[in-house]
Amino acid sequence: MKRASLLLALLLALPAAGAAPAKKPVSAAGKAACDLVVVAGAALPMDAAFTVRGATAVAVRGGEILAVGDPAAIDAAFSPKARLERKDGVLLPGLVNTHTHAAMNLLRGISNDQPLMEWLRKFIFPAEAKNVSPAFVKAGTDLACLEMIRGGTTTFADMYYYESDVAASVEKAGLRGVLGETWLDFPAPGHANLEESKKVTRAFLEKWKGHRRITAAVAPHAPYTCSKETLLAAKALADEYGAPLLIHVSETKDEQKQIREKYGTTPAKWLDAIGFLGPRVLAAHGVWLDEGDLALLASRKVAFSHNPESNMKLGSGIAPVALARKAGIVVGLGTDGVAGSNNDLDMLEAMDFAGKLAKVAALDPTALPAADLLRMATIDGARVLGLDRLVGSIEPGKRADLIVIGLGNAHAQPVYDLPSTVVYSSKVDDVSLTVVDGRVLWDGRRVATLDEAKVLATAKEWREKVLKSLGEGAEKR
Ligand SMILES: [Zn+2]
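Residues numbered from 1 in each chain as written. Predicted model: local features only at pLDDT ≥ 70, side-chain atom pairs only at ≥ 80, totals over all residues. Heavy atoms only, no water.

Q: Please give an account of the overall build of the protein that cites residues and values.
A: Helix and strand content of the protein: 18 helices and 15 strands. For 477 residues, the compact-globule estimate of 2.2 N^0.38 gives 23 Å, and the protein sits close to it at 22 Å. Along the longest, intermediate and shortest principal axes, the C-alpha atoms of the protein span 70 × 45 × 45 Å. For the protein, the proportion of contacts with a sequence separation of at least 24, taken over those separated by at least 6, is 73%. Separation of charge centres in the protein, based on 57 positive and 55 negative side chains, amounts to 5 Å. (Helix = DSSP H or I, 4+ residues; strand = E, 2+ residues; numbered from the N terminus. Rg over C-alpha atoms; globule rule 2.2 N^0.38 Å. Contact = heavy atoms within 4.5 Å. Lys, Arg positive; Asp, Glu negative; His and termini not counted. Charge placed at Lys NZ, Arg CZ, Asp CG, Glu CD.)

Q: Tell me about the coordination of the zinc ion, and please be specific about residues and values.
A: Protein coordination at the zinc ion comes from His99 (NE2), His101 (NE2), His248 (NE2) and Asp336 (OD), with a distance range of 2.1 to 2.4 Å. Coordination at the zinc ion is irregular: its four donor atoms span angles of 84 to 172° at the metal. Mapped onto the polypeptide sequence, the residues donating to the zinc ion form the spacing pattern H-x1-H-x146-H-x87-D. A residue pair is termed long-range when its members are at least 10 positions apart, and His101 in the loop between β5 (95–100) and α3 (116–131) and His248 in strand β9 (residues 245–249) qualify at 147 residues. (Donors = N, O, S within 2.8 Å, 3.2 Å for Na, K, Ca; no water. Tetrahedral: all angles 85-135°; square planar, octahedral: opposite > 155°, others 65-115°.)

Q: Summarise the nonpolar core; cite the residues concerned and give the values.
A: Core analysis: the biggest nonpolar cluster contains 117 residues, and Leu44, Val90, Phe136, Leu175, Phe276, Met351 and Leu374 have the highest contact counts within it. Looking at this core element by element, the count peaks at nine residues for helix α4 (residues 134–150). In this structure, Met351 is in contact with Leu95, Leu333, Leu373, Leu374, Ala377 and Val423, ignoring residues within four places of it in sequence. Ranked by size, the runner-up nonpolar core spans 16 residues in total, among them Val38, Ala40, Val68 and Ile394. (Core = buried A, V, L, I, M, F, W, Y, C linked by side-chain atoms within 4.5 Å. Buried < 20%, exposed > 50% of the residue type's maximum accessible area, 1.4 Å probe, protein only.)

Q: Residue-level account of the packing of aromatic side chains, with values.
A: Scanning all chains against the criterion turns up four aromatic pairs. Aromatic pair Phe125 and Phe186: ring centres 5.1 Å apart, planes at 70°, arrangement edge-to-face. Placement of the pair is Phe125 in helix α3 and Phe186 in the loop between β7 (176–183) and α6 (194–207), with a sequence separation of 61 residues. Residue class for Phe125 comes out buried when judged on its relative accessible area of 14%. Take Phe186: its relative accessible area is 34%, and that puts it in the partly exposed class. Measuring from ring centre to ring centre gives 3.8 Å for Tyr263 and Trp270, while their planes differ by 10°; the resulting arrangement is stacked. (Phe/Tyr/Trp six-rings, centres within 6.5 Å; stacked < 30°, edge-to-face > 60°.)

Q: Provide a residue-level description of the sheet that holds strand β15 (residues 439–442), including the pertinent values.
A: Judged by pairing direction, the sheet is mixed, and its seven strands sit side by side in the order β3-β2-β1-β4-β13-β14-β15 without closing on themselves. The open sheet terminates on both sides in strands that have one partner only, identified here as β3 (64–69) and β15. Each strand axis lies, on average, 25° off the axis of its neighbour in the sheet, ignoring direction. Note: strand β13 (residues 402–406) against strand β14 (residues 431–436), four bridges, orientation antiparallel. In the sheet register, Leu402 faces β14, and the bridge partner there is Val435. Contacts between helix α16 (residues 418–425) and the sheet are confined to β1 (32–43), β4 (78–93) and β13, with β4 contributing the most and set at about 75° to the helix. (Pairing = 2+ DSSP bridges. Axes fitted to C-alpha atoms, helices over the stretch in contact; angles between N-to-C directions.)

Q: Any details on the pairing of strand β2 (residues 56–61)? Residues and values, ideally.
A: Regular strands show a simple pattern: their side chains alternate between the two faces of the sheet. Burial of β2 is extensive: five of the six residues sit out of reach of the surface. Bridging between β1 and β2 involves five bridges; their strand directions are antiparallel. Following the sheet pairing, Leu36 is matched in β2 by Val60. Bridge count between β2 and β3: five bridges; the pairing is antiparallel.

Q: Summarise the environment of Leu402; cite the residues concerned and give the values.
A: Considering the arrangement of structural elements, one finds Leu402 in strand β13. The exposure class assigned to Leu402 is buried, which follows from its relative accessible area of 0%. In this structure the C-alpha to C-alpha distance between Leu402 and Gly190, which are 212 residues apart in sequence, comes to 35 Å.

Q: Give me the lowdown on the pattern of salt bridges, citing residues and values where you can.
A: Per the stated rule, a full pass over the model turns up 30 salt bridges. The salt bridge partner of Lys269 is Asp293, with a shortest N-O separation of 3.0 Å. Separated by 24 residues along the polypeptide, Lys269 in helix α9 (residues 267–273) and Asp293 in helix α10 (residues 291–299) bring together distant segments of the chain. By relative accessible area, which is 31% here, Lys269 ends up partly exposed. Arg375 is paired through a salt bridge with Asp372; the nearest N and O atoms lie 2.8 Å apart. A residue pair is termed a helical-turn pair when its members lie 3 or 4 positions apart in one helix, as Arg375 and Asp372 do in helix α14 (residues 370–377) at three residues. (Salt bridge = Lys/Arg side-chain N within 4 Å of Asp/Glu carboxyl O.)

Q: So what about α6? Which residues, and what values?
A: Over its 14 residues, α6 extends 20 Å from the first C-alpha to the last, a length consistent with the 20 Å expected when each residue adds 1.5 Å. Buried within α6 we find Leu194, Ser197, Thr201, Phe204 and Leu205. For α6, the arc enclosing every buried residue in end-on projection is 95°, short of the 170-degree limit, so these residues lie on one face. The exposed residues of α6 that point more than 90 degrees off its buried face are Glu195, Lys199 and Lys207. Tucked into the core, α6 has its buried residues touching α5 (163–173), β7, β8 (214–220) and α7 (228–241). With a side-chain oxygen lying 3.2 Å from the backbone nitrogen of Glu195, the N-terminal cap of α6 falls on Asn193. (Expected span 1.5 Å × (residues − 1). Arc of directions from axis to C-beta. Polar contact = N/O pair within 3.5 Å; in protein donor to acceptor, adjacent residues only side chain to side chain.)

Q: Can you tell me about helix α13 (residues 347–362), naming the residues and giving the values?
A: Here α13 spans 23 Å end to end across 16 residues, near enough to the 22 Å set by a 1.5 Å rise per residue. For α13, the complete set of buried residues consists of Met347, Leu348, Ala350, Met351, Asp352, Ala354, Gly355, Leu357, Ala358 and Lys359. Between the side-chain oxygen of the N-cap and the backbone nitrogen of Leu348 there are 2.9 Å, and the N-cap of α13 in question is Asp346. After α13 finishes, the residue Leu363 shows a positive phi value of roughly 50°.

Structural data, given as C-alpha coordinates:
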(Lines give C-alpha, C1' and ligand atoms only; values in the text may rest on other atoms or scores of the structure.)
Protein backbone atom coordinates (compact mmCIF):
# COMPACT_ATOMS: atom_id res chain seq x y z
CA MET A 1 0.00 0.00 0.00
CA LYS A 2 1.25 3.50 -0.87
CA ARG A 3 2.02 5.86 2.02
CA ALA A 4 -0.85 8.22 1.14
CA SER A 5 -3.42 5.45 0.99
CA LEU A 6 -2.00 3.88 4.14
CA LEU A 7 -2.53 7.19 5.94
CA LEU A 8 -6.04 7.39 4.55
CA ALA A 9 -6.76 3.84 5.67
CA LEU A 10 -5.56 4.66 9.16
CA LEU A 11 -7.74 7.75 9.29
CA LEU A 12 -10.73 5.78 8.04
CA ALA A 13 -10.19 3.24 10.79
CA LEU A 14 -10.93 5.85 13.45
CA PRO A 15 -14.40 5.33 14.85
CA ALA A 16 -15.36 9.02 15.10
CA ALA A 17 -17.40 9.97 12.04
CA GLY A 18 -15.74 13.36 11.69
CA ALA A 19 -12.28 11.85 11.52
CA ALA A 20 -12.70 10.42 8.02
CA PRO A 21 -11.58 12.90 5.33
CA ALA A 22 -14.70 12.27 3.26
CA LYS A 23 -14.74 15.74 1.70
CA LYS A 24 -11.21 15.56 0.42
CA PRO A 25 -11.52 14.87 -3.32
CA VAL A 26 -9.89 11.65 -4.37
CA SER A 27 -9.64 10.94 -8.07
CA ALA A 28 -10.82 7.56 -9.40
CA ALA A 29 -7.26 6.81 -10.44
CA GLY A 30 -6.06 7.51 -6.89
CA LYS A 31 -8.36 4.95 -5.34
CA ALA A 32 -6.82 1.88 -3.79
CA ALA A 33 -7.85 -1.41 -5.32
CA CYS A 34 -9.52 -3.90 -3.02
CA ASP A 35 -11.51 -7.12 -3.28
CA LEU A 36 -14.65 -6.26 -1.38
CA VAL A 37 -16.46 -3.39 0.28
CA VAL A 38 -19.30 -4.22 2.68
CA VAL A 39 -21.68 -1.42 3.64
CA ALA A 40 -24.21 -1.69 6.47
CA GLY A 41 -26.67 0.66 8.17
CA ALA A 42 -24.98 0.18 11.57
CA ALA A 43 -22.05 -1.67 13.08
CA LEU A 44 -20.83 -3.24 16.31
CA PRO A 45 -17.13 -3.72 15.50
CA MET A 46 -16.48 -5.23 18.98
CA ASP A 47 -13.35 -3.12 19.51
CA ALA A 48 -12.02 -2.59 23.02
CA ALA A 49 -14.12 0.58 23.47
CA PHE A 50 -17.31 -1.27 22.42
CA THR A 51 -18.03 1.37 19.76
CA VAL A 52 -21.61 1.48 18.46
CA ARG A 53 -21.51 2.93 14.92
CA GLY A 54 -24.06 4.21 12.46
CA ALA A 55 -23.65 3.57 8.73
CA THR A 56 -20.32 1.81 8.24
CA ALA A 57 -18.26 0.37 5.41
CA VAL A 58 -15.39 -2.09 5.52
CA ALA A 59 -12.79 -2.49 2.78
CA VAL A 60 -11.23 -5.94 2.38
CA ARG A 61 -8.20 -7.14 0.42
CA GLY A 62 -6.40 -10.49 0.45
CA GLY A 63 -8.74 -11.73 3.19
CA GLU A 64 -7.82 -8.86 5.51
CA ILE A 65 -9.60 -5.75 6.70
CA LEU A 66 -7.95 -2.68 5.15
CA ALA A 67 -10.16 0.04 6.59
CA VAL A 68 -13.35 0.68 8.54
CA GLY A 69 -15.15 4.00 8.14
CA ASP A 70 -18.09 6.00 6.90
CA PRO A 71 -19.42 4.61 3.60
CA ALA A 72 -18.72 7.86 1.70
CA ALA A 73 -15.11 7.91 2.86
CA ILE A 74 -14.53 4.25 2.05
CA ASP A 75 -16.16 4.69 -1.40
CA ALA A 76 -13.92 7.69 -2.02
CA ALA A 77 -10.79 5.78 -1.07
CA PHE A 78 -11.31 2.30 -2.50
CA SER A 79 -12.17 0.75 -5.80
CA PRO A 80 -13.54 -2.72 -4.94
CA LYS A 81 -14.11 -5.70 -7.23
CA ALA A 82 -17.42 -6.27 -5.39
CA ARG A 83 -19.55 -3.97 -3.23
CA LEU A 84 -22.31 -5.39 -1.04
CA GLU A 85 -24.79 -3.11 0.66
CA ARG A 86 -27.08 -4.04 3.59
CA LYS A 87 -28.66 -0.74 4.59
CA ASP A 88 -31.13 -2.33 7.01
CA GLY A 89 -28.49 -4.47 8.71
CA VAL A 90 -25.91 -4.34 11.48
CA LEU A 91 -22.34 -5.37 10.71
CA LEU A 92 -20.56 -7.54 13.28
CA PRO A 93 -17.48 -9.72 13.41
CA GLY A 94 -18.41 -13.36 12.68
CA LEU A 95 -19.73 -15.33 15.64
CA VAL A 96 -17.40 -17.80 17.36
CA ASN A 97 -18.81 -21.11 18.60
CA THR A 98 -16.30 -22.40 21.17
CA HIS A 99 -17.73 -25.90 21.60
CA THR A 100 -19.48 -28.30 19.29
CA HIS A 101 -19.33 -31.70 17.61
CA ALA A 102 -20.16 -30.76 14.02
CA ALA A 103 -20.50 -34.24 12.50
CA MET A 104 -23.17 -35.05 15.10
CA ASN A 105 -25.47 -32.89 12.99
CA LEU A 106 -26.41 -36.19 11.30
CA LEU A 107 -27.76 -37.34 14.69
CA ARG A 108 -29.77 -34.17 15.34
CA GLY A 109 -32.36 -34.87 18.02
CA ILE A 110 -31.79 -38.65 17.94
CA SER A 111 -32.24 -38.95 21.69
CA ASN A 112 -33.79 -36.31 23.93
CA ASP A 113 -34.80 -35.67 27.50
CA GLN A 114 -32.16 -38.02 28.98
CA PRO A 115 -29.43 -37.47 31.61
CA LEU A 116 -25.98 -37.00 30.03
CA MET A 117 -24.40 -40.26 31.23
CA GLU A 118 -27.37 -42.36 30.10
CA TRP A 119 -27.66 -40.41 26.84
CA LEU A 120 -23.97 -41.01 26.05
CA ARG A 121 -23.78 -44.67 27.06
CA LYS A 122 -27.14 -45.93 25.81
CA PHE A 123 -27.59 -43.89 22.65
CA ILE A 124 -24.68 -41.81 21.47
CA PHE A 125 -21.63 -44.03 21.92
CA PRO A 126 -23.45 -47.12 20.41
CA ALA A 127 -24.90 -45.07 17.51
CA GLU A 128 -21.42 -43.66 16.84
CA ALA A 129 -19.73 -47.06 17.08
CA LYS A 130 -22.07 -48.39 14.38
CA ASN A 131 -22.06 -45.44 12.02
CA VAL A 132 -19.15 -43.04 12.32
CA SER A 133 -16.83 -43.27 9.32
CA PRO A 134 -15.01 -40.70 7.17
CA ALA A 135 -18.13 -40.50 4.95
CA PHE A 136 -20.41 -39.93 7.98
CA VAL A 137 -18.10 -37.22 9.30
CA LYS A 138 -17.99 -35.48 5.93
CA ALA A 139 -21.78 -35.49 5.50
CA GLY A 140 -22.36 -34.35 9.10
CA THR A 141 -19.75 -31.60 8.98
CA ASP A 142 -21.11 -30.36 5.62
CA LEU A 143 -24.56 -30.07 7.21
CA ALA A 144 -23.11 -28.27 10.25
CA CYS A 145 -21.12 -25.88 8.05
CA LEU A 146 -24.26 -25.11 6.06
CA GLU A 147 -26.13 -24.31 9.27
CA MET A 148 -23.26 -22.22 10.67
CA ILE A 149 -22.66 -20.23 7.48
CA ARG A 150 -26.35 -19.33 7.24
CA GLY A 151 -26.41 -18.51 10.95
CA GLY A 152 -23.43 -16.13 11.00
CA THR A 153 -20.93 -18.42 12.74
CA THR A 154 -17.53 -18.00 11.10
CA THR A 155 -15.25 -19.86 13.54
CA PHE A 156 -15.97 -22.95 15.60
CA ALA A 157 -14.20 -25.39 17.92
CA ASP A 158 -14.89 -29.05 17.26
CA MET A 159 -14.33 -32.28 19.16
CA TYR A 160 -14.91 -35.45 17.16
CA TYR A 161 -13.35 -38.37 15.26
CA TYR A 162 -11.75 -38.53 11.79
CA GLU A 163 -10.98 -34.88 12.41
CA SER A 164 -8.77 -34.68 9.32
CA ASP A 165 -11.93 -35.41 7.30
CA VAL A 166 -13.76 -32.77 9.35
CA ALA A 167 -10.94 -30.37 8.43
CA ALA A 168 -11.28 -31.21 4.72
CA SER A 169 -15.00 -30.41 4.90
CA VAL A 170 -14.40 -27.14 6.81
CA GLU A 171 -11.65 -26.17 4.38
CA LYS A 172 -14.05 -26.63 1.45
CA ALA A 173 -16.95 -24.87 3.17
CA GLY A 174 -14.70 -21.87 3.80
CA LEU A 175 -15.13 -21.61 7.58
CA ARG A 176 -12.44 -21.25 10.25
CA GLY A 177 -12.04 -24.06 12.76
CA VAL A 178 -10.09 -25.26 15.77
CA LEU A 179 -10.61 -28.97 15.28
CA GLY A 180 -9.75 -31.53 17.93
CA GLU A 181 -9.34 -35.28 17.42
CA THR A 182 -11.19 -36.86 20.33
CA TRP A 183 -9.54 -39.51 22.49
CA LEU A 184 -11.25 -42.02 24.79
CA ASP A 185 -10.03 -44.90 26.96
CA PHE A 186 -12.22 -47.27 24.95
CA PRO A 187 -12.01 -47.73 21.15
CA ALA A 188 -13.00 -44.55 19.32
CA PRO A 189 -13.99 -44.41 15.63
CA GLY A 190 -10.71 -44.38 13.71
CA HIS A 191 -8.43 -45.40 16.58
CA ALA A 192 -8.89 -48.41 18.85
CA ASN A 193 -6.23 -47.72 21.51
CA LEU A 194 -3.86 -45.08 22.82
CA GLU A 195 -1.06 -45.92 20.39
CA GLU A 196 -3.42 -45.53 17.44
CA SER A 197 -4.87 -42.31 18.87
CA LYS A 198 -1.34 -40.86 19.04
CA LYS A 199 -0.50 -42.00 15.52
CA VAL A 200 -3.73 -40.76 13.89
CA THR A 201 -3.61 -37.43 15.73
CA ARG A 202 0.06 -36.82 14.94
CA ALA A 203 -0.67 -37.36 11.23
CA PHE A 204 -3.62 -34.94 11.53
CA LEU A 205 -1.49 -32.27 13.26
CA GLU A 206 1.23 -32.67 10.61
CA LYS A 207 -1.19 -32.47 7.69
CA TRP A 208 -2.86 -29.20 8.71
CA LYS A 209 0.20 -27.45 10.19
CA GLY A 210 0.29 -23.76 9.21
CA HIS A 211 -3.11 -23.72 7.45
CA ARG A 212 -4.66 -20.26 7.23
CA ARG A 213 -8.11 -21.25 8.56
CA ILE A 214 -7.68 -24.66 10.19
CA THR A 215 -6.03 -25.19 13.57
CA ALA A 216 -5.55 -28.87 14.39
CA ALA A 217 -6.04 -29.70 18.07
CA VAL A 218 -6.03 -32.64 20.50
CA ALA A 219 -9.26 -33.39 22.38
CA PRO A 220 -9.22 -35.92 25.20
CA HIS A 221 -12.96 -36.31 25.84
CA ALA A 222 -13.22 -35.77 29.62
CA PRO A 223 -11.63 -36.71 32.97
CA TYR A 224 -14.24 -39.48 33.41
CA THR A 225 -13.57 -41.10 30.00
CA CYS A 226 -9.77 -40.63 29.87
CA SER A 227 -7.18 -42.02 32.30
CA LYS A 228 -4.16 -40.09 33.54
CA GLU A 229 -2.04 -41.88 30.94
CA THR A 230 -4.40 -40.87 28.10
CA LEU A 231 -4.66 -37.26 29.28
CA LEU A 232 -0.90 -36.84 29.66
CA ALA A 233 -0.20 -38.43 26.28
CA ALA A 234 -2.70 -36.01 24.69
CA LYS A 235 -1.03 -33.09 26.47
CA ALA A 236 2.47 -34.20 25.42
CA LEU A 237 1.39 -34.34 21.77
CA ALA A 238 -0.37 -30.96 21.98
CA ASP A 239 2.71 -29.44 23.63
CA GLU A 240 4.95 -30.78 20.87
CA TYR A 241 2.86 -29.00 18.22
CA GLY A 242 1.77 -25.96 20.27
CA ALA A 243 -1.79 -27.17 19.63
CA PRO A 244 -4.93 -26.41 21.64
CA LEU A 245 -6.23 -29.05 24.08
CA LEU A 246 -10.02 -29.29 24.09
CA ILE A 247 -11.79 -31.16 26.92
CA HIS A 248 -15.14 -31.40 28.73
CA VAL A 249 -14.69 -30.52 32.43
CA SER A 250 -17.16 -30.59 35.35
CA GLU A 251 -20.22 -30.90 33.16
CA THR A 252 -22.49 -32.81 35.54
CA LYS A 253 -22.92 -33.57 39.22
CA ASP A 254 -22.47 -37.23 38.32
CA GLU A 255 -19.01 -36.45 36.89
CA GLN A 256 -18.08 -34.68 40.14
CA LYS A 257 -19.17 -37.79 42.07
CA GLN A 258 -17.30 -40.22 39.81
CA ILE A 259 -14.06 -38.23 40.00
CA ARG A 260 -14.36 -37.73 43.75
CA GLU A 261 -14.85 -41.48 44.27
CA LYS A 262 -11.91 -42.29 42.01
CA TYR A 263 -9.40 -39.55 42.86
CA GLY A 264 -10.79 -37.88 46.02
CA THR A 265 -11.01 -34.39 44.52
CA THR A 266 -12.73 -32.27 41.83
CA PRO A 267 -12.12 -32.83 38.08
CA ALA A 268 -10.30 -29.48 37.76
CA LYS A 269 -8.05 -30.10 40.79
CA TRP A 270 -7.28 -33.60 39.58
CA LEU A 271 -6.39 -32.33 36.09
CA ASP A 272 -4.06 -29.82 37.72
CA ALA A 273 -2.54 -32.40 40.06
CA ILE A 274 -1.46 -34.52 37.08
CA GLY A 275 -0.04 -31.44 35.31
CA PHE A 276 -2.63 -31.25 32.53
CA LEU A 277 -3.80 -27.63 32.88
CA GLY A 278 -2.18 -24.74 31.03
CA PRO A 279 -2.86 -21.78 28.72
CA ARG A 280 -3.76 -23.89 25.66
CA VAL A 281 -6.46 -25.85 27.52
CA LEU A 282 -10.10 -25.05 26.70
CA ALA A 283 -12.51 -26.47 29.29
CA ALA A 284 -16.06 -26.91 28.03
CA HIS A 285 -19.10 -26.63 30.32
CA GLY A 286 -17.54 -26.12 33.80
CA VAL A 287 -21.02 -26.27 35.33
CA TRP A 288 -19.86 -27.62 38.69
CA LEU A 289 -16.57 -25.71 39.07
CA ASP A 290 -16.26 -24.42 42.66
CA GLU A 291 -14.47 -21.24 43.71
CA GLY A 292 -11.21 -23.12 44.31
CA ASP A 293 -11.45 -24.65 40.82
CA LEU A 294 -12.09 -21.23 39.26
CA ALA A 295 -9.06 -19.69 41.01
CA LEU A 296 -6.99 -22.63 39.80
CA LEU A 297 -8.19 -22.33 36.19
CA ALA A 298 -7.53 -18.57 36.27
CA SER A 299 -3.99 -19.09 37.58
CA ARG A 300 -3.30 -21.68 34.86
CA LYS A 301 -4.85 -19.40 32.21
CA VAL A 302 -7.33 -22.10 31.16
CA ALA A 303 -10.14 -20.84 28.90
CA PHE A 304 -13.81 -21.70 29.43
CA SER A 305 -16.61 -22.51 26.97
CA HIS A 306 -20.11 -21.86 28.34
CA ASN A 307 -22.90 -23.89 26.70
CA PRO A 308 -26.12 -22.61 28.25
CA GLU A 309 -28.63 -24.46 26.10
CA SER A 310 -26.90 -27.83 26.46
CA ASN A 311 -26.61 -27.35 30.23
CA MET A 312 -30.32 -26.50 30.39
CA LYS A 313 -31.54 -29.27 28.08
CA LEU A 314 -29.47 -32.00 29.75
CA GLY A 315 -30.43 -30.61 33.16
CA SER A 316 -26.71 -30.33 33.97
CA GLY A 317 -26.98 -27.13 36.01
CA ILE A 318 -26.00 -23.48 35.72
CA ALA A 319 -22.33 -22.71 35.04
CA PRO A 320 -20.76 -20.04 37.28
CA VAL A 321 -20.10 -17.68 34.37
CA ALA A 322 -20.12 -14.41 36.32
CA LEU A 323 -17.75 -15.86 38.96
CA ALA A 324 -15.47 -17.25 36.24
CA ARG A 325 -15.25 -13.88 34.51
CA LYS A 326 -14.65 -12.18 37.86
CA ALA A 327 -11.84 -14.65 38.58
CA GLY A 328 -10.19 -13.51 35.31
CA ILE A 329 -11.06 -16.52 33.16
CA VAL A 330 -11.91 -15.74 29.52
CA VAL A 331 -15.34 -17.21 28.75
CA GLY A 332 -16.64 -17.94 25.26
CA LEU A 333 -20.02 -19.29 24.20
CA GLY A 334 -20.80 -22.63 22.61
CA THR A 335 -23.77 -24.63 21.42
CA ASP A 336 -22.49 -28.17 22.05
CA GLY A 337 -23.62 -30.85 19.58
CA VAL A 338 -27.14 -31.20 18.22
CA ALA A 339 -27.78 -34.91 18.86
CA GLY A 340 -29.85 -34.18 21.93
CA SER A 341 -28.12 -31.46 23.88
CA ASN A 342 -29.32 -28.29 22.12
CA ASN A 343 -30.48 -29.20 19.17
CA ASP A 344 -29.05 -26.59 16.81
CA LEU A 345 -25.90 -24.51 16.21
CA ASP A 346 -27.60 -21.13 16.62
CA MET A 347 -25.18 -18.68 18.28
CA LEU A 348 -27.73 -15.85 18.44
CA GLU A 349 -29.87 -18.12 20.57
CA ALA A 350 -26.80 -19.06 22.65
CA MET A 351 -26.29 -15.38 23.55
CA ASP A 352 -29.96 -14.92 24.40
CA PHE A 353 -30.11 -18.05 26.60
CA ALA A 354 -26.77 -17.32 28.31
CA GLY A 355 -28.07 -13.89 29.32
CA LYS A 356 -31.43 -15.07 30.57
CA LEU A 357 -29.95 -18.08 32.40
CA ALA A 358 -27.44 -15.85 34.22
CA LYS A 359 -30.16 -13.38 35.17
CA VAL A 360 -32.57 -15.97 36.56
CA ALA A 361 -29.76 -17.79 38.38
CA ALA A 362 -28.66 -14.60 40.13
CA LEU A 363 -32.19 -13.17 40.44
CA ASP A 364 -30.53 -10.11 38.95
CA PRO A 365 -31.45 -8.57 35.56
CA THR A 366 -28.11 -6.73 35.45
CA ALA A 367 -26.18 -10.04 35.30
CA LEU A 368 -24.45 -10.62 31.91
CA PRO A 369 -25.73 -7.58 29.96
CA ALA A 370 -26.02 -7.59 26.15
CA ALA A 371 -22.55 -6.06 25.64
CA ASP A 372 -20.90 -8.88 27.61
CA LEU A 373 -22.92 -11.52 25.74
CA LEU A 374 -21.77 -10.02 22.43
CA ARG A 375 -18.16 -10.06 23.66
CA MET A 376 -18.49 -13.72 24.67
CA ALA A 377 -19.84 -14.60 21.19
CA THR A 378 -17.11 -12.71 19.31
CA ILE A 379 -13.83 -11.34 20.69
CA ASP A 380 -13.78 -13.42 23.90
CA GLY A 381 -14.63 -16.53 21.86
CA ALA A 382 -11.65 -15.71 19.65
CA ARG A 383 -9.49 -15.28 22.81
CA VAL A 384 -10.66 -18.64 24.11
CA LEU A 385 -9.44 -20.24 20.88
CA GLY A 386 -6.17 -18.28 20.80
CA LEU A 387 -7.28 -16.51 17.59
CA ASP A 388 -7.94 -12.98 18.89
CA ARG A 389 -5.01 -11.48 16.99
CA LEU A 390 -6.72 -12.62 13.80
CA VAL A 391 -10.49 -12.49 14.35
CA GLY A 392 -13.19 -11.53 16.86
CA SER A 393 -13.45 -7.81 16.02
CA ILE A 394 -13.65 -5.60 12.94
CA GLU A 395 -10.36 -3.73 12.94
CA PRO A 396 -7.81 -3.00 10.21
CA GLY A 397 -5.19 -5.73 9.97
CA LYS A 398 -7.52 -8.48 11.16
CA ARG A 399 -8.89 -11.23 8.92
CA ALA A 400 -12.16 -10.25 7.26
CA ASP A 401 -14.61 -12.51 9.13
CA LEU A 402 -17.76 -10.39 8.97
CA ILE A 403 -21.51 -10.87 9.21
CA VAL A 404 -24.54 -8.68 8.71
CA ILE A 405 -27.73 -9.25 10.69
CA GLY A 406 -30.83 -7.70 9.09
CA LEU A 407 -32.86 -5.44 11.35
CA GLY A 408 -35.80 -4.93 8.98
CA ASN A 409 -38.10 -7.68 10.27
CA ALA A 410 -41.07 -7.09 12.57
CA HIS A 411 -39.45 -8.92 15.50
CA ALA A 412 -36.48 -6.52 15.43
CA GLN A 413 -38.17 -3.14 14.90
CA PRO A 414 -37.97 -0.45 16.10
CA VAL A 415 -34.38 -0.33 17.33
CA TYR A 416 -33.57 1.77 20.41
CA ASP A 417 -30.56 -0.10 21.73
CA LEU A 418 -28.57 -1.90 19.04
CA PRO A 419 -26.69 -4.45 21.23
CA SER A 420 -29.93 -5.48 22.98
CA THR A 421 -31.77 -5.81 19.67
CA VAL A 422 -29.08 -8.15 18.34
CA VAL A 423 -28.93 -10.28 21.51
CA TYR A 424 -32.59 -10.45 22.52
CA SER A 425 -34.58 -9.88 19.29
CA SER A 426 -32.55 -11.01 16.28
CA LYS A 427 -33.21 -14.47 14.83
CA VAL A 428 -30.84 -16.75 12.97
CA ASP A 429 -32.70 -16.24 9.66
CA ASP A 430 -31.96 -12.50 9.89
CA VAL A 431 -28.30 -13.16 8.98
CA SER A 432 -28.01 -11.71 5.48
CA LEU A 433 -24.26 -11.90 4.89
CA THR A 434 -21.43 -14.15 6.06
CA VAL A 435 -17.85 -13.44 4.99
CA VAL A 436 -14.87 -15.52 6.11
CA ASP A 437 -11.31 -14.55 5.29
CA GLY A 438 -12.66 -12.02 2.80
CA ARG A 439 -14.74 -14.60 0.93
CA VAL A 440 -18.53 -14.22 0.72
CA LEU A 441 -19.94 -17.57 1.88
CA TRP A 442 -23.59 -16.46 2.27
CA ASP A 443 -25.10 -13.44 0.57
CA GLY A 444 -28.63 -13.92 1.90
CA ARG A 445 -29.70 -16.01 -1.10
CA ARG A 446 -27.28 -18.86 -1.54
CA VAL A 447 -24.31 -20.51 0.12
CA ALA A 448 -21.36 -20.19 -2.25
CA THR A 449 -19.34 -23.19 -1.14
CA LEU A 450 -21.91 -25.95 -0.56
CA ASP A 451 -24.66 -27.49 -2.67
CA GLU A 452 -27.46 -26.96 -0.17
CA ALA A 453 -29.95 -29.42 -1.74
CA LYS A 454 -27.31 -32.14 -1.94
CA VAL A 455 -26.12 -31.65 1.65
CA LEU A 456 -29.72 -31.90 2.92
CA ALA A 457 -30.52 -34.96 0.76
CA THR A 458 -27.37 -36.73 1.98
CA ALA A 459 -28.34 -35.99 5.60
CA LYS A 460 -31.74 -37.60 5.02
CA GLU A 461 -30.06 -40.68 3.49
CA TRP A 462 -27.87 -40.99 6.58
CA ARG A 463 -30.95 -40.87 8.82
CA GLU A 464 -32.15 -44.08 7.16
CA LYS A 465 -28.76 -45.76 7.59
CA VAL A 466 -28.48 -44.73 11.25
CA LEU A 467 -32.00 -45.96 12.09
CA LYS A 468 -31.33 -49.26 10.34
CA SER A 469 -28.09 -49.72 12.29
CA LEU A 470 -29.93 -49.24 15.57
CA GLY A 471 -32.43 -52.01 14.80
CA GLU A 472 -36.16 -52.56 14.56
CA GLY A 473 -37.30 -50.55 17.59
CA ALA A 474 -35.37 -47.49 16.47
CA GLU A 475 -36.80 -47.65 12.93
CA LYS A 476 -40.33 -47.34 14.29
CA ARG A 477 -39.55 -44.20 16.33
ZN1 LIG B 1 -19.61 -31.47 24.13
